[in-house]
Amino acid sequence: TKANIGVVGMAVMGSNLARNLAHHGYRVAVFNRTYAKTQTLIAEHGDEGEFIASEHIEDFVASIAEPRAIICMVKAGGPTDATIEELLPLLSPGDVIMDGGNAFFRDTIRREKYVSGKGFHFVGAGISGGEVGALTGPSIMPGGTPESYRILGPMLETISAHYEGEPCCAWMGPDGAGHFVKMIHNGIEYSDMQVIGEAYELLKAVGLSNQECAQTFASWNEGELSSYLVEIAAEVLRQKDPRTGKDFIDIVADRAQMKGTGTWTVQTALELGVATTGIGEAVFARAESSLDELRAAGRTALKGPDRTVSVNDRDAFIENIRKALWCSKVVSYSQGFDEIRAGGAEFGWDIDVAEAAKIWRAGCIIRAELLEQIRQEYSTDPKLVSFMAAPSIAPKMAEYQDAWRSVVAAAVTAGVPAPVFSATLAYYDAARAPRVNAALTQGLRDLFGSHTYERIDDHGHFHLEWSGDRSETRID
Ligand code: NBP
């Protein structure tokens, strides 16, 4: 009997997804360029379900029932293109190739066009949850034709995480929509982690030990900040180094690495004109953390306060940090959802923003209590301009903002870098200000470059004769 589905790529993600499918009763064809990895999977986990292992890709494709559904879980980039090229001559019309790797959405648009031009379906699916998620239930963000989703969707929904019985997998839109949504997920993951790190630095600055910080995060995880990343922040901070017995966090080199999805999110936001300042500051903070020479020079040459926050009421300040964390998180998510909407409009995907929030409630790395609130707000009002201004959110931002401001002020005074805390607050203040400094920018641009300005009391574009009699000319 033929397999229900095939998986190519037996590294950690592909083999765990194949096992997850098998655990749910699907017969799974498996293939890897290096056959030894396929053999290892069968030797170690072959008894967990029904697998059909092939050494050659021709046998692998032939072992899958038509229309075939083939999940490609190889290294993103060139290896994905190479695997597609190998599969194409072996497929029948109507077969589906799904790329579950971390592809850039523009590559997915290109691949979808190419593969669909040959008479097959191509699905670009973002998968979040790491290796454990792949095995036990990830969040899955597929994009492609509705017909391809009819073939793949039921299987993906079955193996995905579930939130109160609802699958954390939904069709996001055509071609690149799924990988676009996954890209934004990862961008939000960057800002979430950075702002958790900023909260940690401030907790230390007010005198808490690593163990006390761990307890603080654990207690925050019981309330409205409840989320996977806050939960595991407590776990990392509690951990001891197995070699030295010191706190694990203190022996880890203080340089954050990145694989590029945060950078893509910010690059795309810049192209779309969306101000994702929380994610942007998080990407830049990682970059600066790795500038060894700058930091070495700065430690010697740049003077300032010693990163100690003195407060009369420490518990009250800790509560302020909690509130600041909630506010900055709201703004970062709000900006991320704005980018989803802008991308959906730009690329013609018409992404249902509430659906994205819905499938992030479980399985993925940014799963958080807040996502159910985001889902509710966008379902109630699909035209919601900004999540931070939503009816259930804005009053709380108003209530928490004094705490948020006091945390940013304390960080600045003490010399503790808190770029996401402060950039998200500036974004909030710019959004609520009657006028920002854009009028002066326009005045300067018109003076030095005749770039024109608009008026508050008339339509059209105008230019002032700055080097002449300073009369006004209407341009259009
Ligand atoms: P890797 O990203 O480490 O890729 C290894 C796999 O790619 C192996 O199966 C390898 O085959 C195959 N491969 C390579 Br490399 N070049 C190939 C080629 N030219 N032709 C065919 N196969 C080739 O695996 P991973 O960490 O399991 O991740 C798989 C995908 O899932 C990636 O796109 C990743 O970004 C994404 N992802 C990973 C995570 C995570 O937590 N790790 C989470 C979400 C998404 P070989 O055995 O013959 O070398």
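Residue indices begin from 1 for each chain and proceed along its sequence in written order. Two thresholds apply to this predicted model, a pLDDT of at least 70 for residue-level local features and 80 or more for giving and counting side-chain atom pairs, whereas whole-chain, interface and lining totals are computed over all residues.

Colleague: Honestly, the overall build of the chain in this entry has me stumped. Any pointers?
Modeller: The number of helices and strands found in the chain is 20 helices and 11 strands. For this measure, only C-alpha atoms enter the radius of gyration; the expected value for a globule follows 2.2 Å times N^0.38, where N is the number of residues. Against the compact-globule benchmark of 23 Å for 476 residues, the chain has a radius of gyration of 25 Å, which places it among compact chains. With the C-alpha coordinates aligned to their principal axes, the bounding extent of the chain is approximately 80 × 65 × 45 Å. Expressed as a percentage of the 476 residues in the chain, the buried residues total 47%. Note on conventions: DSSP H or I runs of at least 4 residues are helices, E runs of at least 2 residues are strands, and numbering of each starts at the N terminus. Counting other C-beta atoms within 10 Å of a residue's C-beta gives its exposure: the residue is buried at 20 or more, exposed at 12 or fewer, and partly exposed in between, where C-beta atoms are placed from the backbone.

Colleague: Sorry, what's going on with the environment of Ala-439 here?
Modeller: Assignment of secondary structure puts Ala-439 in helix 20 (residues 438–449). Given 12 C-beta atoms within 10 Å, Ala-439 falls into the exposed group. Between the C-alpha atoms of Ala-439 and Arg-33, which are 406 residues apart in sequence, the distance is 59 Å.

Colleague: What exactly am I supposed to notice about the site of the ligand here?
Modeller: In this text, near has one meaning. A residue is near a molecule or strand if its C-beta atom, placed using the backbone, is within 6 Å of it. Among the 22 residues in the neighbourhood of the ligand, the closest are listed as Ala-11, Met-13, Arg-33, Pro-79 and Gly-101. Elements with a minimum of two residues in the shell around the ligand: helix 1 (12–23), helix 4 (78–87) and helix 6 (130–136). Any residue that is not Ala, Val, Leu, Ile, Met, Phe, Trp, Tyr, Cys, Pro, Asp, Glu, Lys or Arg is counted as polar, Gly included; the first ten are nonpolar and the last four charged. The residue makeup of the shell around the ligand, split by class, is 10 nonpolar, 8 polar and 4 charged.

Colleague: I would appreciate a short explanation of the nonpolar core in the present structure.
Modeller: For soluble globular proteins, the rule of thumb is that nonpolar side chains tend to be buried together. Remark: nonpolar core denotes a set of buried Ala, Val, Leu, Ile, Met, Phe, Trp, Tyr and Cys residues whose joining runs through C-beta atoms within 7 Å. Core analysis: the largest hydrophobic core is formed by 137 residues, its most contacted members being Val-28, Val-30, Ile-70, Ile-97, Met-98, Leu-202 and Val-407. Among the elements that take part in this core, helix 8 (residues 177–205) stands out by supplying 15 residues, more than any other. The residue makeup of this core includes at least three contributed by each of domain 1 (5–175) and domain 2 (182–209 + 246–432). A residue pair is marked as a contact if its C-beta atoms, positioned from the backbone, fall within 7 Å. Setting aside anything within four residues of it in sequence, one finds Ile-97 in contact with Ile-70, Cys-72, Ile-84, Leu-87, Val-115, Phe-120 and Phe-122. Domain borders in the structure are assigned automatically or taken from a domain database.

Colleague: Mind showing me how you'd approach the UniProt feature "active site" (unreviewed entry) in the chain here?
Modeller: UniProt positions are given in the numbering used here, feature names are shortened, and annotations may be inferred rather than shown by experiment. Taking the UniProt record as the reference, the feature "active site" (unreviewed entry) is found at Lys-182 and Glu-189. Within the secondary structure layout, Lys-182 lies in helix 8. Non-local contacts of Lys-182, meaning those with residues more than four positions away in its chain, are made with Gly-126, Ser-128 and Met-141. Here Glu-189 lies in helix 8. If we ignore the near neighbours within four places in the chain, the residues touching Glu-189 are Ile-365 and Ile-366.

Colleague: What should I look at first to understand the sheet that holds strand 1 (residues 5–8) in this one?
Modeller: Pairing between the strands of a sheet comes from backbone hydrogen bonds, and it takes one of two forms, parallel or antiparallel. Think of it this way: DSSP has to see at least two bridges between two strands before they count as a pair. The strand order 3-2-1-4-5-6-7 describes an open sheet built from 7 strands, whose pairing is mixed. Taken across any chain shown, the strands that pair with only one partner, and hence form the sheet edges, are strand 3 (51–53) and strand 7 (139–143). On average, each strand axis in the sheet is inclined to that of its neighbour by 25°, with strand direction left out of account. Think of each axis as a best-fit line through the C-alpha atoms, taken over the contacting stretch in the case of a helix, with angles from 0 to 180 degrees between the N-to-C directions.

Colleague: Any chance you could explain the environment of Lys-37 here in plain terms?
Modeller: Position of Lys-37 relative to the elements: it lies in helix 2 (residues 35–45). For Lys-37, a count of 16 C-beta atoms within 10 Å puts it in the partly exposed group. Lys-37 sits 20 residues away from Ile-57 along the chain, and the two C-alpha atoms are 14 Å apart.

Colleague: What should I look at first to understand the pairing of strand 2 (residues 28–31) in this one?
Modeller: Consecutive residues of a regular strand have side chains that alternate between opposite faces of the sheet. By the alternation rule, side chains of strand 2 split into Val-28 and Val-30 and Ala-29 and Phe-31, which are all buried. Looking at chain direction, strand 1 and strand 2 are connected through 4 bridges and run parallel. From the neighbouring strand, Val-7 faces strand 2, where its bridge partner is Val-30. Crossover connection from strand 1 via helix 1 to parallel strand 2: handedness right-handed. The crossover handedness rule: strands pointing away from the viewer, path from first strand over the helix to second strand clockwise, crossover right-handed. Handedness of the strand 2-helix 2-strand 3 crossover: right-handed.

Colleague: Before we go on, may I ask you to explain the domain arrangement of the chain in this structure?
Modeller: Many authors give the size of an interface as the accessible area that is lost as the parts come together. Taken as a whole, the chain is organised into domain 1 (5–175), domain 2 (182–209 + 246–432) and domain 3 (438–474). Between the C-alpha centres of domain 2 and domain 3 the distance comes to 37 Å.

Colleague: Quick question: what am I supposed to make of helix 5 (residues 105–117) here?
Modeller: Helical geometry note: an α-helix holds 3.6 residues per turn, so side chains three or four residues apart project in the same direction. Taking 1.5 Å per residue as the helical rise, helix 5 with its 13 residues ought to reach 18 Å, and the 18 Å between its terminal C-alpha atoms agrees with that figure. For helix 5, the secondary structure elements touched by its buried residues are helix 4, strand 5 (96–99), strand 6 (121–128), strand 7 and helix 8. The first or second residue beyond helix 5 is Gly-119, which carries a positive phi of 95°. Working rule for helices: expected span equals 1.5 Å times residues minus one.

Colleague: So what exactly am I meant to see when it comes to unusual backbone geometry here?
Modeller: With the exception of glycine, most residues fall at negative phi, and the peptide bonds are largely trans. A cis amide bond links Glu-66 to the next residue, Pro-67, at an omega of -10°. Within the chain, Arg-307 stands out as a residue other than glycine whose phi angle is a positive 65°. Relative to the assigned elements, Arg-307 resides in the loop between helix 14 (292–301) and helix 15 (314–346). For Arg-307, a count of 14 C-beta atoms within 10 Å corresponds to the partly exposed category.

Colleague: Would you take a moment to explain the packing of helix 18 (residues 394–414) against helix 19 (residues 419–432) for this structure?
Modeller: How two helices sit against one another is set out by the angle between their axes and by the gap between those axes. For the pair helix 18 and helix 19, the least separation of the axes is 10 Å and the interaxial angle reads 135°. What the angle tells us is that helix 18 and helix 19 run oblique. The chirality of how helix 18 crosses helix 19 is left-handed. Contacts from Met-397, Trp-404, Arg-405, Val-407, Val-408 and Ala-411 of helix 18 reach helix 19 at Phe-421, Ser-422, Leu-425 and Tyr-428. The residue inventory of the contact of helix 18 with helix 19, partitioned by class, reads 8 nonpolar, 1 polar and 1 charged. Our angle categories are set so that under 35 degrees counts as roughly parallel, over 145 as roughly antiparallel, 65 to 115 as roughly perpendicular, and the remainder as oblique. By definition, turning the near helix anticlockwise from the far helix through less than a right angle yields a left-handed crossing, and turning it clockwise yields a right-handed one.

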